[in-house]
Amino acid sequence: MVRIPFKRLFLIIKMYPPQVGYFRPESLGEALEFLEREEAKVLAGGQSLIPMLKLRVLRPKYLVDIGGLKELSYIKEGDTISIGATTRHFELASRRIRGLEILQEAASKVGDVQVRNVGTIGGSVCNADPAADYPAVLTALDATMKVRSKKGTREVKAHDFFKGPFSVDLNPGEVLEEIRIPRLEGYRQTYRKVVRRAGDFALAGLALAIKLDSGVVKDVRIAFTGVSQGPHRAKEAEKVLRDSKLTKDVIKRASEASTSGANPPSDSRGSSWYRLEVMKRLLQTSLEVMANES
Amino acid sequence: MSYSGKSVKRLYDDKFVTGRSTYVDDLKINALYAAFVRSNYAHAVIKRVHKEDALKMSGVVTVYTGEELNRVIKEGIGPWTTYIDPRPWKIPKWRFAQGEVKYAGEPVAVVLATDKYRARDAAEAITVDYEPVDAVVSMEEAKKDKVLVHKELGTNYGYKNDFVAGNPEKALESADHRKKVEIGNRRLIPSPMEPRGIVASYDGSNLSVWYSTQIPHFARAEFSRIFGIPQSRIRVVMPDVGGGFGSKAHIIPEELAVIASSMMLGKPVRWTATRTEEMMATNSRHNVFRGEIGFNNDGTLVAINGTLEVELGAYLTYTEGIQPTIIPLMIPGPYRVRDLKIESRAIYTNTIPITMYRGASRPEATFIIERLMSTVADELKLDDVTVRERNLVREDQMPYTNPFGLKYDTGDYLTLLREGVKILEYNSMKEWARKEREKGKRVGVGLAYYLEICGFGPWEYAETRVTEDGGVIVAIGGTPHGQGTETAIAQLVADELQVPIERVKVIWGDSDAIPAGTGTYGSRTVSIAGSAAVTASRQVLEKMRRVAARAMKADVEEIEYKNGEFVHKREGKKMRWEEVSRLGYSGKEPGLSASVTLEGDVTFPYGIHMAIVEVDEYGMARVKEYRAYDDIGRVINPALAEGQIHGGGTQAVGQALYELAVINENGQLAVTYADYYVPTAVESPKFKSYFAEKYHPSPYLTKTKGVGEAALIVGPAVIVRALEDATGGKFDFTPVIPEEILKKMK
């Protein structure tokens, strides 16, 4: 058993939040050890967790701060792109990855400058806000989540990882270690986001990757954020587009089909009706741009 | 040497830009911290407050409820009687909740603890047994008087008064056209960057209060009335205040609880609102006008007949009484319409109490009358400018007494309209937008006119002191809290005394240092506090001439003052400013200070503003540009005046397109800063601001009128009009949210 050195176990930070213990591990192993034994919440960039603590929505006994762990902050390029969980948004926003251009675009649209400097991809993904940016991108791209615990490692497909609003497939003691995304060479990719105000969560967002061959759609991935309990993969719209040319009519039909299976909430960002309208227009505009470019 | 008219840099900004300012929360004082337990119910009977667990917690000193607090809080919070006649009002007694809560968020108990974290933890440990009773959370329901907010009043109507001028029924009948209208502003939340805060210290005989407020002297008077302590034994200090917008000119029960706790415990007590608490401390706007207008073929508006409903929330705040009494008076605006009936109604609901907000009644009135002008234009297919030209009060009618008796002092409304159309390039921008729309873009240009009533008397205090070493301290009853008015007043005084501005220090906001005052609100401070400061400075200069005359053994008439020198006109002898200052404190003279309480009246600035709005395919509107042309009287500091246009214009963007304080069906405020959209720099338009060179002076010594609220008064009407131009839709309620825009786009 690894001993937790007590000099790094600061009990009781006092903030407006409730009392909470704070532990800053020196390695992932140490973090996993602690998580195995204590009722704790993993803290990375803190851009969602800290506000939740301040609002007293969450009251964990401990915070385990993995934000400073260098071993979890990396971007490794191969056929598959591997991204460490504590990689900051700004690092992804400032790196163009061939075959994964969409990630740079999505990262540059997360929150505002302050959030992007501090927030991490893993934190955003594990928080699973139904209006967050990455979940739609990772779902569209069939990413894989590598999850670690003291017991070992397991892999989960993005589609299965996002279970619902603020709910992911992570068990107590587990930490998201890495995100793996297959490179999509030859795909046109875009992430578009509709917000009421700069820096806000998406009212609706669209991740789109499309492979054209002589104007015919060979493959297409469409996923929305902000319009359902979690990321919404628009399979019906994909079906309409596959093996078709991007004609006005096809685009229109795909846009209409994109809302199939979506169940947008009505809240202060917009009504369910409005979100459905925005979805259709998002896809239509994005496809029109791609049709014009090709 | 002349400072007035120049963009002198703000005198005291270093501390703000270097983080050394002192807001209430920055004050270091050995105080207990207050935290509040709040009701989740809009209306409920308080059966029992369980304090036991909280009292056992470490650091917790005590817990008070209304039962204890209201022994000290003797009188209730009442209306601002300087401006609101309480007689026609039905006013519930408003102290700390006792026995019953009337809105969700109302404080039910206060915890006093040794630090704010313990205080908050303890507040969470308190449970309250409620018995919910029927609540009425919308004006429409409240109007039925089925469920009453205050049983003892017998009605939810707090105020009913019909403002009638001429014969609107007859005018409607003889008009060429009649049209039904419904126009309004929904509820919003003022957002000062610094939330409310208070520190109270009662030592057994004197009460000191450090308070984030716009009105320290009125607060002193109110605390005196409420707690039964003579004003002379109360000191209210306003440290640096991070924004007010009218939302820091009322008193809330939390603040009374802090003072009462200090009085009961004999210890200093403090509280700073969290953002969530700040959002519940002040809600604003929410008014609807429904009625009918009559107009003729030539575009003249001849009759307005309708009902104005203003929401009050659960209690009558210090400032909300202004709205239903001043909106009707200002509905005629700068136009000649003389036959009106405005049935003004103010209605209690089980919601967060409502207060004034930048512009206070003039934005509401301006939105109504400008929407009416645009409605006439649309109905007759006339241009917005033409319709206004045909309705504006003409120069030969000035000073003009409006149908409700307001006397518009000076101005040439028609000339300003015509100049403004040129300077703002209205016609060419309209044409540009039309061409852009032909290309498929949704852009639009809109304008609106406003006439503002500001100044608001009744008086202001100022004292000018010349110190022994020749420095000048100007103490004003005005209370700048971000506007930079202190710089403008230093400019005026430096000019009056012909001394370098570096010699002049302006102080305010401490009721012990400044014996009397009214405050900063209603775009009044340069005019009324500035004029008082100039008057006091003149009197001091007169004293100095007398001192110089005695020293030079001359008659005071023989002494001329110029540029820091007192000259014996006949003999040519001179005395320097510093010499006279020193002599003023030689023991032979009574010192060099003079104070005045200067009377003042209302004055009426006016202007035309224009916006360019672009709407995307999702119905999201952005204000790209905002242009303003105003006659605000003499301009003392153009940069400060422009700053007011920028700030007010940005808040106008918020009111027109973004800011909606959603109250859910349970009466709870359903937004946080995650979805209550205060515009950021990204949503702010590019500004162009011009002031009329041939201005029309106010009767004030400074010849100034006021600019603090102009852009928020007219901005919402301007932006909505541009939005209509961009989309072809019609919008009569603020904020216009994207899905409403999208529906009209289809």
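Model, not experiment: these values are computed from the prediction. (Residues numbered from 1 in each chain as written. Chains lettered and ligands numbered in written order. Predicted model: local features only at pLDDT ≥ 70, side-chain atom pairs only at ≥ 80, totals over all residues. Heavy atoms only, no water.)

**Q** Hey, could you run me through the overall build of chain B in this one?
**A** Counting its secondary structure elements, chain B contains 20 helices and 30 strands. The C-alpha atoms of chain B give a radius of gyration of 27 Å, which matches the 27 Å a tight globule of 746 residues would have. A principal-axis box enclosing the C-alpha atoms of chain B has dimensions of 85 × 70 × 45 Å. When burial is assessed residue by residue, chain B has 64% of its 746 residues classed as buried. Put simply, 81% of the contacts in chain B that link residues at least 6 apart link residues at least 24 apart. Accessible surface computed for chain B: about 26,600 Å², of which carbon and sulfur atoms make up 48%. Positive and negative charge centroids in chain B, built from 96 and 99 side chains respectively, lie 2 Å apart. (Helix = DSSP H or I, 4+ residues; strand = E, 2+ residues; numbered from the N terminus. Rg over C-alpha atoms; globule rule 2.2 N^0.38 Å. Buried < 20%, exposed > 50% of the residue type's maximum accessible area, 1.4 Å probe, protein only. Contact = heavy atoms within 4.5 Å. Areas by Shrake-Rupley, 256 points an atom, 1.4 Å probe, with all protein chains shown as cover. Lys, Arg positive; Asp, Glu negative; His and termini not counted. Charge placed at Lys NZ, Arg CZ, Asp CG, Glu CD.)

**Q** How should the domain arrangement of chain B be read in this particular structure?
**A** For interface size, the figure often reported is the accessible area lost on association. All names here are of chain B. Segmentation of chain B into domains returns domain 1 (17-133 + 194-242 + 248-281), domain 2 (362-452 + 603-745) and domain 3 (456-599). A straight line from the C-alpha centre of domain 2 to that of domain 3 covers 39 Å. Summed over both sides, the interface of domain 2 with domain 3 buries roughly 1,300 Å², with 56% coming from carbon and sulfur. Sorting the residues of domain 2 by area buried against domain 3 places Ile 636, Tyr 700 and Leu 701 first, and these three jointly supply 42% of that buried surface. Applying the counting criterion to the domain 2 and domain 3 interface returns zero salt bridges. Remark: the boundary between domain 2 and domain 3 carries nine residue pairs in polar contact (both at pLDDT 80 or more). Across the side of domain 2 that touches domain 3, the residue classes break down as five nonpolar, six polar and five charged. (Domains from an automatic or database assignment. Buried area = accessible area lost by both parts, 1.4 Å probe. Salt bridge = Lys/Arg side-chain N within 4 Å of Asp/Glu carboxyl O. Polar contact = N/O pair within 3.5 Å; in protein donor to acceptor, adjacent residues only side chain to side chain. Nonpolar A, V, L, I, M, F, W, Y, C, P; charged D, E, K, R; others polar.)

**Q** Is there a simple way to think about the nonpolar core in this case?
**A** The tendency in soluble globular proteins is for nonpolar side chains to be buried side by side. Ile 222 of chain A together with Phe 223, Phe 227, Ile 304 and Ile 719 of chain B are the most contacted members of the largest nonpolar core, which has 204 residues in total. Looking at this core, the element that brings in the most residues is helix α19 (residues 710-727) of chain B, giving 12 residues. Sequence-distant contacts of Phe 227 of chain B, that is, excluding residues within four places in its chain, are made with Val 72, Ile 73, Lys 74, Leu 256, Ile 259, Ala 260 and Met 263 of chain B. Core analysis: the next-biggest nonpolar cluster, separate from the first, contains 39 residues, Leu 100, Val 156, Ala 207 and Ala 223 of chain A among them. (Core = buried A, V, L, I, M, F, W, Y, C linked by side-chain atoms within 4.5 Å.)

**Q** Is there a simple way to think about empty space enclosed by the protein in this case?
**A** Rolled over the atoms, a probe as big as a water molecule pinpoints where empty space is left. As enumerated under the stated definition, the model contains four cavities of 30 Å³ or more in all. By volume, the largest cavity amounts to about 100 Å³. Tyr 16 of chain A together with Tyr 33, Ala 34, Lys 116 and Thr 272 of chain B are, among the 13 residues lining the largest cavity, the residues nearest its centre. Mapped onto the lining of the largest cavity, the elements with two or more residues apiece are β1 (32-38), α4 (116-125) and β12 (269-272) of chain B. (1 Å grid on protein atoms, 1.4 Å probe; cavity = no way out; pocket = protein on both sides within 12 Å on 5 of 7 lines; lining within 4 Å. Points joined across faces, edges and corners; volume = space filled by probe spheres on them.)

**Q** Mind showing me how you'd approach the domain arrangement of chain A here?
**A** Residues and elements named next belong to chain A. Each assigned domain of chain A is listed with its residue range as follows: domain 1 (6-65), domain 2 (70-182) and domain 3 (188-293). At the junction of the two partners, domain 2 supplies 25 residues and domain 3 supplies 21 residues. Interface area for domain 2 against domain 3, summed over the two sides, is near 1,900 Å², with a carbon-plus-sulfur share of 56%. At the surface where domain 2 touches domain 3, the tally comes to three salt bridges. Here Asp 142 makes a salt bridge to Arg 221, at a shortest N to O gap of 3.6 Å. Linking domain 2 to domain 3 there are 15 residue pairs in polar contact (both at pLDDT 80 or more). When residues of the side of domain 2 that touches domain 3 are assigned to their parent elements, the largest contribution, five residues, is made by helix α7 (residues 134-140). Residue composition of the side of domain 2 that touches domain 3, grouped by class: 14 nonpolar, four polar and seven charged.

**Q** Whenever I open this one, the UniProt feature "domain: Aldehyde oxidase/xanthine dehydrogenase a/b hammerhead" (unreviewed entry) in chain B confuses me. Can you help?
**A** The residues that UniProt annotates with the feature "domain: Aldehyde oxidase/xanthine dehydrogenase a/b hammerhead" (unreviewed entry) are residues 18-134 of chain B. Spanning residues 18-134 of chain B, this segment combines 19% helix with 30% strand, and its end C-alpha atoms are found 51 Å apart. (UniProt positions renumbered as here; feature names shortened; annotations may be inferred.)

**Q** What is the right way to look at the side chain of Glu 309 of chain B in this model?
**A** All names here are of chain B. Among the structural elements, Glu 309 can be located in strand β14 (residues 301-313). For Glu 309, a relative accessible area of 6% translates into the label buried. Among the polar contacts made by the side chain of Glu 309, one reaches the side chain of Arg 290 at a distance of 3.1 Å. Beyond its immediate sequence surroundings of up to four residues, Glu 309 is in contact with Met 139, Glu 140, Lys 143, His 286, Asn 287, Val 288, Arg 290, Arg 345 and Ile 347.

**Q** Honestly, the sheet that holds strand β6 (residues 127-132) of chain B in this entry has me stumped. Any pointers?
**A** What links the strands of a sheet is backbone hydrogen bonding, and the strands pair in either a parallel or an antiparallel sense. Residues and elements named next belong to chain B. With antiparallel pairing, three strands are arranged side by side in an open sheet as β4-β2-β6. What marks the edges here is a single partner per strand, and that holds for β4 (100-101) and β6. Inspection of the sheet shows strand β2 (residues 44-50) paired to β4 by two bridges, in the antiparallel sense. Bridge pairing links Ala 44 to Val 101 in β4. (Pairing = 2+ DSSP bridges.)

**Q** What's the story with the sheet that holds strand β6 (residues 80-84) of chain A in this structure? I'm lost.
**A** Residue and element names in this part refer to chain A. Spatial ordering of the open sheet is given by β5-β6-β11-β7-β8, a layout of five strands whose pairing is antiparallel. Two strands lie at the open edges of the sheet, namely β5 (75-77) and β8 (152-157), each paired on one side alone. Between one strand axis and the next, the sheet turns by 20 degrees as a mean value, whatever way the strands run. Inspection of the sheet shows strand β7 (residues 144-149) paired to strand β11 (residues 175-182) by five bridges, in the antiparallel sense. Counted as the bridge partner of Met 145 is Ile 179 from β11. The strands that helix α1 (residues 28-37) touches are β7 and β11; relative to β11, the one it contacts most, it runs at about 125 degrees. (Axes fitted to C-alpha atoms, helices over the stretch in contact; angles between N-to-C directions.)

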